[in-house]
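Observations on the three-dimensional arrangement
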Amino acid sequence: MEIIAFANQKGGVGKTTTAITLAAGLGQKGYRTLLVDLDPQGHVAFALGFEKKPAPYQLICLEAPLKSLVIPARPNLDILPSNKLSEKVKRHITLSDFRETILLDIFKKTSYDYILLDLAPSLDVLHVNGLVASDWVVIPTRLDAMAVDGVKEVLLTMGEISKRSHSFKGYFILPTFFERITKETLTQFQEIVQAFGSNVWPPIPRDTRVRESSAYGKTPWEYTPHSPAICGYESKRGRIGGYAQVLEHLLEVTNG
Ligand SMILES: Nc1ncnc2c1ncn2[C@@H]1O[C@H](COP(=O)(O)OP(=O)(O)OP(=O)(O)O)[C@@H](O)[C@H]1O
Ligand SMILES: [Mg+2]
């Protein structure tokens, strides 16, 4: 089992979209996948066409079994839906003796191939619990002046967690909202690659159909499978970026 968190304290960088798209992609490839929403905004359920529900609250505070809370959203894809009651979980974790490993202990008892965690854009106990449970961290980032800062914040938090006995297998930076023709994007992309080298994954193009897909409760694979967000863009060296290529990278890294 591989557990992957999608984290960035910066809001609106594509965490949820990326978690949903990659989780759905893994499911389509036959891997038994669980997508856990740890954000009180509850966007995971909404974007897949389901009602928001307080599953993290029921799981952690009421100790309901995970199996009773997951929704089979697509073939091979279960989701654990969230809603604003997840705010309450934070207080519970703070008071509980187990603190940082509650989620890890629950996930260890399951038999999924992949568990993906969509984290909220805030640094709180639920966020830390998500990271402590994770083998890998994917850091989606927009390519603006604050991009390197946002990535460094996540790495700093991971560093703090590593000091306390948890070891991550690795991290990846996923540039999102990539615009090939804007100078800012290209400059920032180069900066990110200079700073983080091969940890930077191929970018996801900006693509309004991605936003539309969640409004219709569909994944981008279902709503717009031939769009740049999935297929990347054409370049002299062939197609670059897009979720299809990123999914292959994820499989290579986690299977190897
Ligand atoms: N490649 C893309 N092109 C265009 N729009 C996108 C793309 N990826 C995501 N979006 C849209 O941008 C908005 C923010 O994306 P998303 O919700 O995935 O970010 P987030 O990091 O999870 O946000 P938050 O920090 O609030 O949880 C959403 O409306 C989403 O549909
Ligand atoms: Mg989100």
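Just so it is clear, the structure is predicted and the values come from calculations on it, not from any experiment.

Near ligand 1 there are 21 residues, and of these Gly11, Lys15, Thr16, Thr17 and Pro121 occur at the shortest range. Among the secondary structure elements, those contributing two or more residues to the shell around ligand 1 are helix 1 (15–28) and helix 10 (208–215). Per-class residue counts for the shell around ligand 1 are six nonpolar, 10 polar and five charged.

Another point: the sheet that holds strand 4 (residues 77–80). Sheet architecture is open: seven strands sit in the order 3-4-2-5-1-6-7, paired in mixed fashion. Only two strands of the sheet have a single partner each, and these edge strands are strand 3 (71–74) and strand 7 (170–176). Sheet twist, expressed as the average angle between the axes of neighbouring strands with direction ignored, equals 25 degrees. Pairing analysis gives three bridges linking strand 1 (residues 2–6) to strand 6 (residues 136–142), with the strands arranged parallel. Across the sheet, Ile4 pairs through a bridge with Trp136, a residue of strand 6. Helix 1 contacts strand 1, strand 2 (33–37), strand 3, strand 4, strand 5 (114–118), strand 6 and strand 7 of the sheet and is inclined by roughly 165 degrees relative to strand 5. Against the sheet, helix 8 (residues 147–163) contacts strand 6 and strand 7, and its axis sits at roughly 160 degrees relative to strand 6.

So, on to the environment of Asp78. Note that Asp78 resides in strand 4. On a C-alpha basis, the gap between Asp78 and Leu34 in space is 4.8 Å, while along the polypeptide they are 44 residues apart. Those residues in contact with Asp78, other than ones at most four positions away along the chain, are Leu34, Val70, Ile71, Pro72 and Ala73.

The subject of this paragraph is the pairing of strand 6. Here is the key point about a regular strand: its side chains alternate between the two faces of the sheet. A large share of strand 6 lies buried, amounting to six of its seven residues. Bridge count for strand 6 against strand 7 is seven bridges, and the pairing is parallel. Bridge pairing in strand 7 places Trp136 opposite Gly170. Read from strand 6 through helix 8 to strand 7, the crossover connection turns out right-handed.

All right, on to the packing of helix 5 (residues 86–95) against helix 7 (residues 125–133) then. It is the contact of helix 5 with helix 7, at a shortest axis distance of 8 Å, that shows an interaxial angle of 75 degrees. Taken as axis vectors, helix 5 and helix 7 run roughly perpendicular relative to one another. For the pair helix 5 and helix 7, the contacting residues are Ser86, Val89, Lys90, Ile93 and Thr94 in the first and Val125, Leu126 and Asn129 in the second. Considering only residue class, the contact of helix 5 with helix 7 consists of four nonpolar, three polar and one charged.

This paragraph deals with helix 9 (residues 183–196). Over its 14 residues, helix 9 extends 20 Å from the first C-alpha to the last, a length consistent with the 20 Å expected when each residue adds 1.5 Å. Its buried side turned inward, helix 9 meets helix 8 and strand 7. Two residues or fewer after helix 9 comes Gly197, characterised by a positive phi angle close to 50 degrees.

Within the largest apolar cluster, 64 residues are counted, with the highest numbers of intra-cluster contacts made by Ala23, Leu35, Ile79, Leu116 and Leu117. Looking at this core element by element, the count peaks at six residues for helix 1. Setting aside residues up to four positions removed in sequence, Leu116 forms contacts with Ile4, Phe6, Ala19, Leu22, Ala23, Thr33, Leu35 and Val36.

Procedures and definitions
- Residues numbered from 1 in each chain as written.
- Chains lettered and ligands numbered in written order.
- Predicted model: local features only at pLDDT ≥ 70, side-chain atom pairs only at ≥ 80, totals over all residues.
- Near = placed C-beta within 6 Å.
- Helix = DSSP H or I, 4+ residues; strand = E, 2+ residues; numbered from the N terminus.
- Nonpolar A, V, L, I, M, F, W, Y, C, P; charged D, E, K, R; others polar.
- Pairing = 2+ DSSP bridges.
- Axes fitted to C-alpha atoms, helices over the stretch in contact; angles between N-to-C directions.
- Contact = placed C-beta atoms within 7 Å.
- Buried ≥ 20, exposed ≤ 12 C-beta atoms within 10 Å, placed from the backbone.
- Right-handed = clockwise from strand over helix to strand, strands pointing away.
- Parallel < 35°, antiparallel > 145°, perpendicular 65-115°, else oblique.
- Expected span 1.5 Å × (residues − 1).
- Core = buried A, V, L, I, M, F, W, Y, C linked by C-beta atoms within 7 Å.

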